[in-house]
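One letter stands for each residue in the lines below.
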Amino acid sequence: MSEFEALMIYLAWGVDFLLSLVFLLPVKDDRGRHRSFPYMTVGIIVLNTLIFVLVNIVLFLQIDDPEVWLEQVKPFLLVPADVVEGKGLGALSVITSAFLHADLSHLVYNMLFLFFFGRKLEDVLGPTKFGLLYLACAFVSSLGSIVQEMLKLSVTQGTVPELGASGAIMGIVAAYLFLFPGQRIRTMPVLFWVVLLGIPLPIPLPIPVMIPMPAWVFILHSVLKDIAHGWLQTKAQEYGFVYSLTGSFAHLGGIIAGLTCLYFFLPAEILHYRHRVGEET
Amino acid sequence: MHDTAQVTGLLQHGIAAARAGRKEEARQYLLQATDLDERNEQAWLWLSGVVESFEDRRVCLENVLAINPANPHARQGLRWLEEHAPPPAPVAEERCPRCQSPVPSSGAVCPQCDQLLIVACPGCGEYIEVEHPVCPECGCLLGDFRDGAHYHLGLARAYLERERFTLAQEAGDRAEAEAPDDPEVLEAVAALHERMGHTDLAVLTYQRAIERHPESAIYYARLGAIYHRRAMPDDARAMYEQAVRLDSNDSAALFALAQLYAEAGVLSGACRLLERAVEVDPEHAEAHLLLSDVYMRLGKSKQAVQQYERAGALSKPGSAVGREVQRRLTKLRPGISEQHAQGWGETFRRVTGLMLLPVLAAWVNAGVIPPWEIRPAALGALAVAFLASYLWACATDVPRNDIMRAIFGKAGLERLWQKALVGVPGVALWGAALGVIMWRG
């Protein structure tokens, strides 16, 4: 390992560690009005929660053996190698894995973000197009690891299962940023590590202050964290160990998906006037 | 007519309870008996033995004597009461509630400090003493006299609410006399004058306030508002400018001064003030609306639209600002041309959006780059998905595209049944095709 590479790893680790300390919880923005009840957003949240309860609680308690339980659930997770080799559910597993979550905190943070950004986006797109955009983002966010496997670039041979709605939700967040770039979001910071009696403990501690924050800060926070985290994951794989199982590149894929796929679902007026107003000035 | 048997029963129960020492129970029975038969001598006599106060006991015994003047027990009891009754409480000397000097019982003003001792209740108009926190006639709250100027201010506001203008005026004057240097009182008194329509008096009060507190921005702003209403723009502008100079965070003054600038055509000045106003108070919908108007007049339509949208988001649906924003945005954004909204470009965009999932799914299932190994079934399903996406897009987004107009006439898919005829098979086929693509058998 060269000195430069070591320095970059330290730098990436520092950025990743610092950004992981604080979770930015969006609480309120200035877009208070909704045309109608956000049926699709709430529907997706309910579906995710129901699946979590059925799979992670009911099924787990019934089987009572983590290994057997994992074998039962595994076909519904996204395993890039299996998808490319034509095993299992294939493309369908991209959708099924987007509705599965590893644990309660994974589900809660994803659903909080979906509830906040999803209903605002559904307000603009309508429920059907919002649902299609959500699925498209879920698909595109998973493409990174599948393409990596197709090109035989994956260090882990694409055997690490992926799950969670994070990629799709990052797409929704990116689409929100694209539509409302000047929006200020009142944010509650949540500390992830609390030092009690000199011992750092992974307890979420909400700080009861509302910080008005531009929407782009959310994306910047996520993008920086995911780039640093993803790069560290790749480096760790090169040296034969696993840094973490978070799908950082799936998050980045979701952001790209949100920004690109949104174009196909936006109402004509929004596209037209953005263009027209820009021309006039 | 009373029921004799019932009264007798109550009396017997009452006497038995009194003899047993259960005074409260006895009192209840005997009171019921006297309620039913108020000329029952025995009931009153026994009741006199179980009531608590000297006064109640005396009343009971007097009632016995009223029924039977020769009753020896009642006479004896009254004599005993006269001998043992406590001395009457000394009559409290009336004093001024502020300076505590003695005042004549009928006096309306304290001879020592000239404090008003009697006021008219704002609720019922009865004259009452000022130390009463609540009107004994109607229960109207009067507040605390010891608050001085604030008491009179509260009274003035209460008078005003009940349209007792003269009394409100007098109470306001008393408040100012009580605290001529209190900026809060001066502002409140001037506001009272304004509410009563006495703008001349309000102006004088604000001017007095400015003399005493020349550093306070609020008086200048209020005077500016009065001058603005009186169509004296130069005076108003001078006042607002002074208010803004003294307090650059007063969004109301910034907005009002910007209004004057905009009316006078000083657009850059208005723009600067409004930008500051919305920075200080980002939820000031009217400031956003005026700022967008100013931007439009300056030719900055992009910023104008942003501000209109902001004003629209901040205003309540159906409010005056909301309606105004909608009207101006509609004017600024005439409908998109039919060619643009229903043309092939828009149709292609819509169909592409719907084709994203089927195409990506087919590629992922092919498992290679480039995706040459798509199964024939999936290829067929992709073709079906394309047709289905077109039908779906026609039913929802481009109902008047060329093909639909050719089939259904000039209006395209206008009626619900027409949209259903095209859209339902479209959605169903799309779902089926996606299912075939996803399913690898």
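Above: the structure in question.
Read on for an overview of the structure.

Reading the values: rules and limits
- Residues numbered from 1 in each chain as written.
- Chains lettered and ligands numbered in written order.
- Predicted model: local features only at pLDDT ≥ 70, side-chain atom pairs only at ≥ 80, totals over all residues.
- Heavy atoms only, no water.
- Helix = DSSP H or I, 4+ residues; strand = E, 2+ residues; numbered from the N terminus.
- Buried < 20%, exposed > 50% of the residue type's maximum accessible area, 1.4 Å probe, protein only.
- Contact = heavy atoms within 4.5 Å.
- Areas by Shrake-Rupley, 256 points an atom, 1.4 Å probe, with all protein chains shown as cover.
- Buried area = accessible area lost by both parts, 1.4 Å probe.
- Salt bridge = Lys/Arg side-chain N within 4 Å of Asp/Glu carboxyl O.
- Polar contact = N/O pair within 3.5 Å; in protein donor to acceptor, adjacent residues only side chain to side chain.
- Phe/Tyr/Trp six-rings, centres within 6.5 Å; stacked < 30°, edge-to-face > 60°.
- Pairing = 2+ DSSP bridges.
- Expected span 1.5 Å × (residues − 1).
- Bend = angle between axes of the 7 residues up to and from the residue.

### Examining the overall build of chain B
Here comes step 1: Each helix and strand in chain B was counted, giving 21 helices and 2 strands.
Here comes step 2: Across the 441 residues of chain B, 44% fall into the buried class.
Here comes step 3: Here the contacts in chain B between residues at least 6 apart in sequence split such that 46% fall between residues at least 24 apart.
Here comes step 4: As displayed, chain B offers around 23,600 Å² of accessible surface, 55% of which is attributable to carbon and sulfur atoms.

### A look at the interface of chain A and chain B
Here comes step 1: Contacts between chain A and chain B engage 41 residues on the former and 38 residues on the latter.
Here comes step 2: Summed over both sides, the interface of chain A with chain B buries roughly 3,300 Å², with 67% coming from carbon and sulfur.
Here comes step 3: Seen at the junction of chain A and chain B, the total is 2 salt bridges.
Here comes step 4: Between E283 of chain B and R186 of chain A there is a salt bridge, with its nearest N and O atoms 2.7 Å apart.
Here comes step 5: Our count for the contact surface shared by chain A and chain B stands at 6 residue pairs in polar contact (both at pLDDT 80 or more).

### Thoughts on the packing of aromatic side chains
Residues and elements named next belong to chain A.
Here comes step 1: With the rule as written, the count across this model stands at 13 aromatic pairs over all chains.
Here comes step 2: Each ring, one from W13 and one from F17, has its centre 5.3 Å from the other, and the planes form 10°; the classification is stacked. Here W13 pairs with F17, and both are found in helix α1 (residues 3–21), just 4 residues apart, close to one helical turn.
Here comes step 3: Centre to centre, the rings of Y176 and F180 are 5.1 Å apart; their planes meet at 70°, and the pair counts as edge-to-face.
Here comes step 4: On the basis of relative accessibility, which here comes to 9%, the residue F180 falls in the buried class.
Here comes step 5: An aromatic cluster of at least three residues, connected via ring pairs, comprises F23, Y109, F113, F116, F117, Y176 and F180.

### Some words on the side chain of H101 of chain A
Residues and elements named next belong to chain A.
Here comes step 1: Within the fold, H101 resides in the loop between α5 (91–98) and α6 (104–125).
Here comes step 2: Residue class for H101 comes out buried when judged on its relative accessible area of 2%.
Here comes step 3: A distance of 3.2 Å separates polar atoms of two side chains, one belonging to H101 and the other to N110.
Here comes step 4: Dropping the residues within four chain positions of it, H101 is found in contact with N48, F52, N56, H106, L107, N110, M111, L163, G164 and A165.

### Describing the pairing of strand β2 (residues 184–191) of chain A
All names here are of chain A.
Here comes step 1: Relative to β2, strand β1 (residues 22–29) runs antiparallel, the two sharing 7 bridges. Paired with D29 across the strands is I185, a residue of β2.
Here comes step 2: Strand direction decides the pairing type here: β2 and strand β6 (residues 211–214), joined by 4 bridges, are antiparallel. Paired with I185 across the strands is M213, a residue of β6.
Here comes step 3: Across 2 bridges, β2 lies against strand β5 (residues 205–206) in antiparallel orientation. Its bridge partner being in β5, L191 is matched across the sheet by L205.

### Considerations on helix α10 (residues 248–265) of chain A
Residue and element names in this part refer to chain A.
Here comes step 1: A rise of 1.5 Å per residue sets the reference length of α10, with its 18 residues, at 26 Å; its end C-alpha atoms lie 26 Å apart and thus fit the reference within 8%.
Here comes step 2: At G258, α10 is bent by approximately 25°, the largest bend along its length.
Here comes step 3: Taken together, the buried positions of α10 are occupied by S248, A250, H251, L252, G253, G254, I255, A257, G258, C261, L262 and F265.

Everything listed is a geometric property; what it means functionally is a separate question.
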